[in-house]
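Structure assessment
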Amino acid sequence: MSDDIFLVLGRSLGASSSGVRLSRARRDDAVTTGAGAGTDDTGQELRAHDGRAAPFGSSGARDAARVERARKLAARPGGLLPLNRLAELAAQLLGVESAQVSVVADEQTVMGGAGLASQTVGVRSAAAESLCTVTVEAGVPVLIPDATADPRVRDLPPVTSGAVGSYLGVPLRAGDHVVGALCVFGRETRSWSDDDVALLQQLTGPALTELELAALETTYEEDRVLWQLAVDAAGVGAFDWDLATGALRWDERLLGLFGHDRTTFGGTIEAFEQCVHPDDRARVGAALAEAIATCGEYEAEYRVVRPDGELRWVAARGHAVTGEDGAAVRVVGAAYDTTAVREGEARVGRILEAMPTAFFQLDPEWRFTYANPEARRLLGGIGTDVVGHDIWELFPAALGTDFERHYRGSVASGEPSAFEAYYPPPLDDWYEVRCWPAPDGLSVYFLGITERRRAQELLARRARRAALLAEATRALTDTLDEEEAVGRLTKLLVPALGDWCVVTLVDGTLPDDLLSERSWRRRLRDVGWWADDLALRPLVERYAQLRVPALTDESLVVQALVSGRPVVVPEGAADRIAAILQPGEATDLCRRLAPSAAAIIPLQGRGRVAGLMSVFRGAGRATFTDDDVEVLADVAERAGLALDNASMYTDQRELAEGLQRSLLTAPPEPDHLEVVVRYEPAAEAAQVGGDWYDAFLQPDGATTLVIGDVIGHDTVAAAAMGQVRTLLRGIAVTTEEGPAAVLRRVDSAMTTLQVDTMATAVVARLEQTPQERADGVTRLRWSNAGHPPPVVVVPDSSGGLTARLLWADAANPMLGLLTGIPGDEEARDDSVVVLPRGSTLLLYTDGLVERRGQVLDVGLELLRETLTDLAAQDLPLEELSDELLRRMLPGWTEDDVAIVAVRLHPEDRPRPPTAGPGSVPPNVAPAPEV
């Protein structure tokens with residue numbers, strides 16, 4: 001609504017002396033929920049709500065009147081910013097992409113919109129192509145969950161274009177006519193609830209009010225222009241009343257205004273009185289008498305009845321002329337026709353009286369000059385009619401608030417203002433207020449929006465709750481480490497739900513009769529805590545260390561454990577808790593921490609209480625509401641399962657890892673040769689892997705290195721791994737053959753022993769002749785059975801160190817694919833490379849380089865680059881191995897990983913402490929000195 005219309009409203013309502021009475025009207029907003037309009041293709045009921053409006057097009061006369069009314073409301077398309085804001089609010093409250101306000105006459109006009117509809121505000125289009133026409137025709141709310149499946153709308157352009165997938169529209173009623181629709185829609189399908197319909201219907205009143213007021217402004221401006229043209233064309237009539245003779249003379253214009261001529265008008269004051277409407281004669285006579293008695297001004301506005309019976313409004317202005325004795329001798333003045341203005345004011349009054357939005361007018365002294373019925377209803381809590389009273393006296397709580405600031409600011413600046421504010425009891429309501437200054441005061445339009453704000457606050461609370469629970473789910477399920485999960489839980493609880501907290505874990509399953517077990521305190525561990533106030537953290541930490549030993553059988557913790565339900569102390573928590581703790585430092589700390597409210601929430605695991613959350617609030621924060629406790633219970637439910645999972649995972653992983661490591665042995669420590677082994681199990685609990693490593697000395701002094709991976713991740717794979725590993729090391733030691741020969745014998749043994757499994761492996765021998773020892777080199781001989789290639793770090797031409805992948809001369813099959821019978825010998829062969837001393841060799845399993853969604857070549861190149869970078873740092877082999885695993889492995893590993901790293905220390909220097917010999921079999925001769 002523009003500022004000008006409220007300026008006009010303010011002027012018309014300020015003329016209280018005219019005696020105009022604004023009629024009252026009541027709007028019946030009753031809507032009865034009724035049956036729907038059938039089902040769509042998905043089988044979902046298409047619901048509607050019955051209303052009193054006649055269907056669109058039900059009769060020619062009614063439809064013509066409806067179309068004419070709609071055309072007037074659509075006279076100013078595209079200029080109603082409040083309707084755009086109302087559409088944005090509708091879209092936000094119902095959680096959809098778009099909303100619009102449409103007026104449907106013989107064509108549709110979009111009066112306000114949000115989302116996609118914002119681009120079509122002010123656009124006129126064929127009514128037959130609009131979904132809102134369906135709502136207007138129905139005269140009741142239309143709910144369309146799937147527009148493509150609804151035969152009424154599926155062929156309409158907004159649906160076929162994909163802009164509308166679901167639609168909810170409610171009719172806009174102006175009197176007995178449905179003139180348009182307020183609707184929300186989105187691209188996706190959606191089911192609509194009765195609450196959605198009710199919420200959207202609450203917004204139809206403000207929407208229709210904006211349309212009516214905009215149409216009123218347009219009509220009023222048209223009337224004003226016509227009236228001004230009439231005044232300019234006809235002029236203003238003059239009168240002269242001689243008090244001595246009683247003669248009253250009118251000019252031709254005034255005679256015409258009253259419907260007389262010289263022959264029909266009597267020319268006396270009595271003839272004039274006969275022309276005045278009977279109800280106005282006394283008032284006009286009193287005004288004339290007052291002017292004569294005081295020799296002052298005369299002013300009146302009254303109705304005249306013309307000889308043909310037509311009723312007209314006339315405004316007269318004049319003054320009394322004095323004679324020589326100072327008494328009035330005549331009254332002279334002018335009069336003009338104000339019928340058009342009065343009819344416009346009457347229309348304004350009727351609209352203000354009937355509209356469902358509150359409106360009042362204040363004069364320059366801040367007194368109410370008018371309040372429509374809705375304003376009287378909303379302000380009626382003060383127990384008196386507001387008209388004639390000072391606003392600041394009736395509503396003292398408004399002083400110093402947004403009400404006073406905006407009202408006075410609007411008057412001072414001459415600019416309109418809009419705001420939302422709360423007024424305390426007896427009104428106890430939130431209001432959306434818009435005020436406009438006018439020459440004779442301030443016009444104020446307002447809505448009670450408490451329900452809307454409650455809906456917005458409810459949506460905001462639900463959104464915050466959903467976000468908190470989503471964050472809790474993500475944070476707690478993203479780790480299987482018990483301590484890390486507890487730490488994340490404390491940060492979720494504080495400060496969102498409390499000022500400080502303590503998290504307790506329960507070891508094992510508690511007995512049904514907890515107190516029958518004397519040592520029940522030993523089952524509890526306060527393992528996590530947090531405080532929002534930095535100064536409280538040392539106190540909370542100390543309290544968490546001392547609380548469990550100080551618990552008594554009556555403590556809140558025991559109550560929560562025994563009942564399995566939340567225990568809440570809404571106030572006086574410090575005294576309540578201290579009274580049921582054993583005397584000592586814990587009790588003193590509780591009083592120093594001074595919680596005013598406490599909530600102890602059990603963490604339910606699978607068939608047991610996994611722990612407790614103790615959440616506390618200080619005196620500066622409100623106590624726990626039912627909604628707070630529900631949120632805490634939801635968080636506790638997720639936390640209980642997460643902590644139970646973490647506990648079970650830790651137990652199972654330790655069991656699996658212990659079993660796996662029991663199958664592996666410590667590496668040997670040959671002379672000037674450093675061997676480091678590492679094993680990292682998969683992140684999934686109880687997944688005993690098939691990866692293994694081995695390193696041992698041969699009687700001839702050679703060092704044999706093995707890395708392998710049996711197919712599978714279960715106990716069967718682990719058992720098969722143990723068999724294959726034992727076969728391979730036994731054959732290698734007893735035969736002292738090369739790697740390819742050893743693998744051929746393993747193939748044969750697996751066939752003979754019917755070891756039904758497959759495995760990849762690399763067998764390597766570090767060999768050295770006396771001459772090679774003197775030359776400072778070592779020969780590496782290896783055979784690869786379908787395994788990722790070894791990597792060696794050797795000096796490059798620039799004097800640095802570079803990692804190289806050692807690809808075999810030919811691809812050899814996995815173990816378990818060959819029979820080991822004559823003819824298979826050629827399927828396996830050895831590869832040989834000579835390494836300078838100072839080189840580093842790495843054997844590894846595929847878990848180090850393979851990732852889901854990542855090509856193996858990418859992982860191999862990453863490994864080569866990482867090793868090159870680490871070699872340049874000249875790290876000890878132990879540190880290099882640990883840093884390599886840290887860089888190569890993600891936080892969550894899908895596969896177990898084994899590595900064997902070997903560093904060939906120069907033999908012409910003293911042995912490093914890490915390069916042996918420290919563990920050499922007695923049948924292996926010591927290496928000669930160089």
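Right above here is the structure, for reference.
These numbers come from a predicted model, not from an experiment. (Residues numbered from 1 in each chain as written. Predicted model: local features only at pLDDT ≥ 70, side-chain atom pairs only at ≥ 80, totals over all residues. Heavy atoms only, no water.)

Each helix and strand in the protein chain was counted, giving 26 helices and 33 strands. When each of the 930 residues of the protein chain is scored for burial, the buried share is 49%. Expressed as a percentage of contacts within the protein chain between residues at least 6 apart in sequence, the contacts between residues at least 24 apart total 63%. Looking at the protein chain as shown, the accessible area adds up to about 42300 Å², and 51% of this sits on carbon and sulfur atoms. (Helix = DSSP H or I, 4+ residues; strand = E, 2+ residues; numbered from the N terminus. Buried < 20%, exposed > 50% of the residue type's maximum accessible area, 1.4 Å probe, protein only. Contact = heavy atoms within 4.5 Å. Areas by Shrake-Rupley, 256 points an atom, 1.4 Å probe, with all protein chains shown as cover.)

Before going further, it helps to spend a moment on the packing of aromatic side chains. Counted according to the given criterion, the structure contains 22 aromatic pairs. Seen from their ring centres, Trp250 and Phe258 are 4.4 Å apart, and the 40° between their planes marks the pair as tilted. What makes Phe258 buried here is its relative accessible area of 2%. Pairing Trp392 with Tyr407 gives two aromatic rings, centres 6.3 Å apart and planes at 45°, and the pair type is tilted. With Trp392 in helix H13 (residues 391-394) and Tyr407 in helix H14 (residues 402-413), the pair connects residues that are 15 residues apart, well separated along the chain. With respect to class, Trp392 is no different from Tyr407; both count as buried. Aromatic ring contacts, followed pair by pair, group Phe360, Trp366, Phe368, Trp392, Phe395, Phe403, Tyr407, Phe419, Tyr423, Tyr431 and Phe446 into a single cluster. In this structure, Lys491 is placed above the aromatic ring of Trp530, and the distance from its NZ or CZ to the ring centre is 4.0 Å. (Phe/Tyr/Trp six-rings, centres within 6.5 Å; stacked < 30°, edge-to-face > 60°. Lys NZ or Arg CZ within 6 Å of the ring centre and 35° of its normal.)

Attention now moves to unusual backbone geometry. Backbone torsion omega between Pro425 and Pro426 reads 15°, so that peptide bond is classified as cis. Here Pro426 is to be found in the loop between strand E16 (417-423) and strand E17 (429-438). Cis geometry marks the peptide bond from Val494 to Pro495, where omega comes out at 10°. One non-glycine residue, Ala594, lies in the positive phi region at around 50°. Mapped onto the fold, Ala594 is located in the loop between helix H20 (585-593) and strand E22 (597-604). The class of Ala594 is partly exposed, set by a relative accessible area of 39%.

Turning our eyes to something else, we now look at the environment of Ser98. Examined against the element boundaries, Ser98 turns out to sit in strand E3 (residues 98-104). The exposure class of Ser98 is buried, given its relative accessible area of 1%. Considering only alpha carbons, one finds Ser98 and Glu88, 10 residues apart in sequence, at a separation of 7.7 Å. Those residues in contact with Ser98 that sit more than four places away from it in its chain are Ala91, Ala114, Gly115, Leu116, Ala117, Val184 and Phe185.

A word on helix H3 (residues 81-94). Compared with the 20 Å implied by 1.5 Å per residue over 14 residues, the 20 Å span of H3 between its first and last C-alpha is a close match. Most of H3 is tucked away, with 10 of its 14 residues classed as buried. Residues of H3 that are buried include every one of Pro82, Leu83, Asn84, Leu86, Ala87, Leu89, Ala90, Ala91, Leu93 and Leu94, and no others. Downstream of H3 by one or two residues, Gly95 has phi in the positive range, about 65°. (Expected span 1.5 Å × (residues − 1).)

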